[in-house]
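Structural description and commentary
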Amino acid sequence: MASTAHRVCMAMLALPAIALAHGEIVVDVGHTLAAPGATSARGRSEFEFNLDLAREVTAALQARGRSARLINEDGLIPSLKARPQAAEGAAFLLSIHHDSVNAFELQPWQWQGQALDYNDDFAGHSLFVSRDNPDTARSILCARIIGARLQRMGFEPTYKNGRRRAYADPMHAVHYYDGLAVLRHATMPAVLFEAGVIKNRDEELLLRDPARIARMADGIATALVACLTAGQPADDEATADGPPLQPVVE
Ligand SMILES: [Zn+2]
């Protein structure tokens, strides 16, 4: 965790409003081909889920006139640190992931002759920010607005990650995860989004549905653009977490 002095110093490096409002948004595809993350209940890798949603989010941002760029589309990025480096100069970094469960929570099952595992107890999205990012207050604000927008559209958050990660905003399932490399090494506000639980057999199918992916991407893009153009973050991280947000106005 950063010291108070470090945080105050880093807060002065926050991007100016014009850069936030017009700068590029970078969308990171979580994991790689070599280390593709968790395997879904039906045997599909997290990387493949991340790629589908990240492409849609990028397209939805571009459809709103924002400059947006995917990183790690080929799944070949060499390290965690290379992600924020690839985002250098951007106004915002959004890393796309899909969630799993603990190994002891898995049940075995067979799917099309394959021995796989699942857990149907948890479903829903969640969001993560780091207090070691140079603009934690803006990161929290954007995460809260994404969460608020998605819930308003009918998407449900998961509270499973509250068992291990402290909340920045419980209502919108925004957590602190200070040590996440992609967030803490970013030089711009950054959020990691977990779209849903791919070990859940019902939610997995929803997370593979192209129309639902596009709808979720649309909600994320609406929220992110609102946050970067009109959002007023708290003065510092200490006051950024707190009472419910007003709904996003389109
Ligand atoms: Zn992941």
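All of the points below concern the structure found in this document. If you're wondering where the values come from, they're calculated on a predicted model, not measured in any experiment. The residue numbering used here restarts from 1 in each chain and proceeds along that chain's sequence as written. Where totals are concerned, whole chains, interfaces and linings use all residues; where local detail is concerned, this predicted model gives features only for residues with pLDDT of at least 70, and gives and counts side-chain atom pairs only at 80 or more.

**A few points about the packing of helix α3 (residues 46–63) against helix α8 (residues 210–230)**
To be explicit about the condition: Comment: axis = line fitted to C-alpha atoms, over the contacting stretch for helices; angle = value between 0 and 180 degrees taken between N-to-C directions. Elements are defined by DSSP. Helices are runs of H or I of four residues or more, strands are runs of E of two residues or more, and each kind is numbered from the N terminus. In this scheme, roughly parallel covers angles under 35 degrees and roughly antiparallel covers those over 145, while 65 to 115 is roughly perpendicular and the rest are oblique. Rotating anticlockwise by less than a right angle from the far helix to the near helix defines a left-handed crossing, while the corresponding clockwise rotation defines a right-handed one. C-beta atoms are first placed from the backbone for all residues, and any pair lying within 7 Å is then listed as a contact.
Where α3 meets α8, the axes come as close as 8 Å, and the angle between the chain directions of the two elements is 50°. Between α3 and α8, the angle is such that the two are oblique. Seen from above, α3 lies across α8 with right-handed handedness. Facing Asp52, Leu53, Glu56, Val57, Ala60 and Leu61 of α3, the residues of α8 in contact are Ile213, Ala214, Met216, Ala217, Asp218, Ile220, Ala221 and Leu224.

**Comments concerning the sheet that holds strand β7 (residues 167–169)**
Applicable threshold: Two strands qualify as a pair provided that DSSP identifies no fewer than 2 bridges between them.
Taking strand neighbours across the sheet as the criterion, the 7 strands line up as β2-β1-β3-β9-β6-β8-β7 in an open arrangement whose pairing is mixed. The open sheet has two edge strands with one neighbour each: β2 (68–71) and β7. Each neighbouring strand pair of the sheet contributes to a mean axis angle of 30°, computed without reference to strand direction. Judged from the 6 bridges that link them, strand β3 (residues 92–99) and strand β9 (residues 190–197) form a sheet pairing that is parallel. Following the sheet pairing, Asp99 is matched in β9 by Val197. Packing of α3 onto the sheet brings it into contact with β1 (25–29), β2, β3 and β9, and relative to β3 it is tilted by some 145°.

**Some points on the environment of Leu93**
As for its placement among the helices and strands, Leu93 is situated in strand β3. Residues Leu93 and Ala68, spaced 25 residues apart in sequence, show a C-alpha to C-alpha distance of 9.9 Å. Setting aside residues no more than four positions away along its own chain, Leu93 makes contact with Val26, Asp28, Pro84, Ala87, Ala186, Met188 and Ala190.

**A word on the nonpolar core**
A general feature of soluble globular proteins is that nonpolar side chains tend to end up buried together. Defined as follows: One nonpolar core equals one set of buried Ala, Val, Leu, Ile, Met, Phe, Trp, Tyr and Cys residues connected by C-beta atoms within 7 Å. Neighbour counting defines burial: a residue surrounded by 20 or more other C-beta atoms within 10 Å of its own C-beta is buried, one with 12 or fewer is exposed, and intermediate counts give partly exposed, using backbone-placed C-beta atoms.
Counting 63 residues, the largest nonpolar core has Ile25, Val57, Phe92, Leu94, Ile146, Val191 and Leu224 as the members making the most contacts within it. Top contributing element to this core by residue count: α8, with 10 residues. Not counting residues up to four positions away in its chain, the partners in contact with Ile25 are Leu61, Arg66, Ala68, Ala90, Ala91, Phe92, Leu94 and Leu224.

**With respect to helix α5 (residues 136–152)**
Think of an α-helix as 3.6 residues a turn; residues three or four steps apart then line up on the same face. Selection criterion: One less than the residue count of a helix, multiplied by 1.5 Å, gives the span that helix is expected to have.
With 17 residues, α5 extends 24 Å from end C-alpha to end C-alpha; this agrees with the ideal 24 Å at 1.5 Å per step. Of all 17 residues in α5, 15 are buried, a share of seventy percent or more.

**Some thoughts on the pairing of β9**
The buried fraction of β9 amounts to 8 of the 8 residues, a majority that puts the element mostly inside the structure. Here strand β6 (residues 126–129) pairs with β9 via 3 bridges, running antiparallel. What sits directly across from Ser126, in β9, is Glu194.

**Focus: the environment of Pro108**
Relative to the helices and strands, Pro108 is located in strand β4 (residues 107–111). Along the primary structure Pro108 and Ala41 are separated by 67 residues, whereas in three dimensions their C-alpha atoms are 9.4 Å apart. Apart from residues no more than four positions distant in its own chain, Pro108 is found in contact with Ala115 and Asp117.

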